[in-house]
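The chain contents come next:
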Amino acid sequence: MDQLPLPLEGITVVTVEQAVAAPFATRQLADLGARVIKVERVDGGDFARGYDTAARGLASHFVWCNRGKESVALDLKDPRGLDVVRRLVADADVFVQNLAQGAAARLGLDAATLCAAHPRLVAVDISGYGAGGPYADKRAYDMLVQCEAGLVSVTGTPEQPVKAGIPAADIAAGMYAFSGVLAALVRRGATGRGGPVEVSMLEALAEWMGHPLHHALHGGTAPERTGLAHAVIAPYDAYPTADGGRVLLSVQNDREWGRLAEQVLGRPELGEDPAFATNAARVAHRARTDALVGQALGGLDADEAVRRLEAAGIACARLRDVHELAGHPQLAARERWREVGSPVGPLRALLPPVTLPGGEEPRMGDVPALGEHTGAVLRAVGMTDDEIAALRRDGVAA
């Protein structure tokens with residue numbers, strides 16, 4: 001049986017993007033087979049290129065979010081550069097932008113303007129807070145939106161709120177932009193019309209805050225910050241092991257507690273002890289419960305602790321750092337690692353988490369150098385070599 005093609009084969013995406021939210025969305029479109037033309041500034045490109053040099057000299061954010069794209073460097077403040085983008089959009093299926101609020105509209109590249117001119121186009125506006133309201137013009141960076149969305153208030157310890165260690169607001173917006181494009185393309189297939197797609201970082205992350213939001217709205221209180229512990233379940237935490245590791249476990253019901261007490265703690269009587277026999281009792285005596293578990297696991301190395309917990313049917317995990325994630329045996333066993341090309345040579349990268357059995361593997365293309373595809377793309381829209389040379393000479397293209 002022949003393999004199915006990638007689902008976005010034949011779809012062309014033009015994107016004027018920066019940082020994480022829009023690049024993360026369009027990279028996933030590229031992985032699924034779309035041609036993605038990334039328009040960057042001539043003076044340094046997407047500013048995420050300069051965040052760090054951790055990926056063998058390249059910026060780790062940029063490597064993560066921009067594989068498989070064609071980079072075209074243009075000055076959109078010059079009418080000639082803007083004209084190139086308009087030519088590209090005329091033949092595109094999707095346009096994505098996450099410029100500062102109002103910038104795309106001033107250039108005529110906002111979704112409403114483009115969709116009015118090109119009815120089949122799906123055009124995406126990604127913003128921090130949305131096009132209207134008192135926060136519309138407020139600058140929005142990931143950590144700031146995490147705070148505005150309340151994520152920081154429920155993350156951390158009782159003493160210290162902390163932001164998520166990944167750009168959660170950017171990722172949330174990117175995921176909704178990605179799914180919004182897919183939904184709009186399905187609708188276009190049925191109606192022949194594309195249309196605008198609007199996503200804001202605040203609204204995306206507010207959706208992800210659904211559990212604590214409903215807890216507070218309908219229960220009267222927000223969930224407490226409990227670090228790695230659970231506010232209403234015990235034992236449910238990370239416990240140090242003899243070799244310096246940490247093992248997490250979660251007891252979901254009283255039968256599991258009985259097995260833990262007998263097979264791991266070596267104290268079968270605790271399964272019937274009124275101070276520990278029910279979850280409510282264990283939560284009420286959380287410090288004593290945690291001390292019992294901590295004492296038992298503290299005498300074992302992490303591997304042995306996990307082995308005993310799994311033998312007892314207790315949900316558990318190791319607290320891994322990022323290097324340990326890179327060597328995770330499950331990712332290795334499922335052959336999730338690939339290599340992608342880049343200006344500094346091959347780089348390891350994970351396959352996208354959406355697997356489509358029976359189809360072609362996701363297209364994990366190269367990470368582009370700034371302006372790597374400028375010449376080819378300009379020729380494709382009908383420009384001569386002399387015209388391209390003039391744009392380069394005048395600093396309109398790079």
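For the structure itself, consult the block above.
Quick caveat, the model's predicted, so the values are computed rather than measured. (Residues numbered from 1 in each chain as written. Predicted model: local features only at pLDDT ≥ 70, side-chain atom pairs only at ≥ 80, totals over all residues. Heavy atoms only, no water.)

Describing the overall build of the protein chain
Scanning the protein chain from terminus to terminus reveals 17 helices and 11 strands. Taken along the three principal axes of its C-alpha coordinates, the protein chain extends 85 × 45 × 45 Å. Buried positions account for 46% of the 398 residues belonging to the protein chain. Across the protein chain, the fraction of contacts at a sequence separation of at least 24, relative to all contacts at a separation of at least 6, is 67%. (Helix = DSSP H or I, 4+ residues; strand = E, 2+ residues; numbered from the N terminus. Buried < 20%, exposed > 50% of the residue type's maximum accessible area, 1.4 Å probe, protein only. Contact = heavy atoms within 4.5 Å.)

A word on the nonpolar core
Nonpolar side chains tend toward joint burial in soluble globular proteins. In this structure, V13, V94 and I126 are the most contacted members of the largest nonpolar core, which totals 36 residues. Secondary structure elements with two or more residues in this core: α1 (21–31), β4 (94–97), β5 (122–127), α7 (168–191), β6 (195–200) and α8 (201–208). Apart from residues lying up to four places away in sequence, I126 is in contact with A21, A22, V96, Q97, N98, L99, A173, A177 and V199. Membership of the second largest hydrophobic core comes to 32 residues, among which are I37, L74, C115 and L121. (Core = buried A, V, L, I, M, F, W, Y, C linked by side-chain atoms within 4.5 Å.)

As for the pairing of strand β7 (residues 236–240)
When β7 meets strand β8 (residues 246–250), the two strands line up antiparallel, connected through five bridges. Bridge pairing in β8 links P240 to R246. Counting the residues in the hairpin turn of β7 and β8 gives five residues, including G244, whose phi is positive at 90°. (Pairing = 2+ DSSP bridges.)

Here we look at the environment of D78
Within the secondary structure layout, D78 lies in the loop between β3 (69–73) and α3 (79–90). Relative accessible area serves as the criterion here: at 17%, D78 is assigned to the buried category. Distance in space between the C-alpha atoms of D78 and V396 is 6.7 Å, their sequence separation being 318 residues.

Concerning the pairing of strand β2 (residues 35–40)
Most of β2 is tucked away, with five of its six residues classed as buried. Looking at chain direction, strand β1 (residues 12–16) and β2 are connected through five bridges and run parallel. Counterpart to V13 in the pairing with β2 is V36. Handedness of the crossover joining β1 and β2 through α1: right-handed. Across five bridges, the pairing between β2 and β3 is parallel. In the sheet register, E40 faces β3, and the bridge partner there is A73. (Right-handed = clockwise from strand over helix to strand, strands pointing away.)

A word on helix α12 (residues 286–298)
Over its 13 residues, α12 runs 17 Å from end to end, which matches the ideal 18 Å to within 8%, given 1.5 Å per residue. For α12, the full list of buried residues reads T289, D290, L292, V293 and L297. Seen end-on, α12 carries its buried residues on one side only, within an arc spanning 155°. Pointing more than 90 degrees away from the buried face of α12 are the exposed residues A287 and Q295. Those residues of α12 hidden inside the fold are in contact with β7, β8, α10 (254–263), α11 (279–284) and α13 (302–311). (Expected span 1.5 Å × (residues − 1). Arc of directions from axis to C-beta.)

Some thoughts on the packing of α7 against α8
Two packed helices can be described by the angle between their axes and the distance between those axes. Viewed as axis vectors pointing N to C, α7 and α8 meet at an angle of 95°, and their least axial separation amounts to 8 Å. In this view, α7 runs roughly perpendicular relative to α8, as classed from their interaxial angle. For the pair formed by α7 and α8, the contact residues are A168, A169, D170, I171, A172, A173 and Y176 on the first element and M201, A204, L205, E207 and W208 on the second. Among the residues forming the contact of α7 with α8, the class breakdown is 10 nonpolar, no polar and two charged. (Axes fitted to C-alpha atoms, helices over the stretch in contact; angles between N-to-C directions. Parallel < 35°, antiparallel > 145°, perpendicular 65-115°, else oblique. Nonpolar A, V, L, I, M, F, W, Y, C, P; charged D, E, K, R; others polar.)

Here we look at the sheet that holds β5
Strand order in the open sheet made by the six strands is β3-β2-β1-β4-β5-β6, with parallel pairing throughout. Sheet topology places β3 and β6 at the edges, where each strand pairs with a single neighbour. Recorded for the sheet is a direction-independent mean angle of 20° between the axes of neighbouring strands. Docked against the sheet, α7 engages β4, β5 and β6, running at close to 160° with respect to β5.

Notes on the environment of T113
Structurally, T113 can be placed in helix α5 (residues 111–117). Note on T113: relative accessible area 38%, which makes it partly exposed. Separated by 10 residues in sequence, T113 and A123 have C-alpha atoms that sit 9.4 Å apart. A polar atom in the side chain of T113 sits 2.8 Å from the side chain of D110. (Polar contact = N/O pair within 3.5 Å; in protein donor to acceptor, adjacent residues only side chain to side chain.)

A short note on the pattern of salt bridges
What the rule picks out here adds up to 21 salt bridges. K69 is paired through a salt bridge with E17; the nearest N and O atoms lie 2.8 Å apart. Taken together, the residues K69 in strand β3 and E17 in the loop between β1 and α1 connect sequence positions 52 residues apart. You'll find K69 and E17 in the same group, each marked buried. Residues participating in the shared-partner salt-bridge network are E17, K38, D46 and K69. (Salt bridge = Lys/Arg side-chain N within 4 Å of Asp/Glu carboxyl O.)

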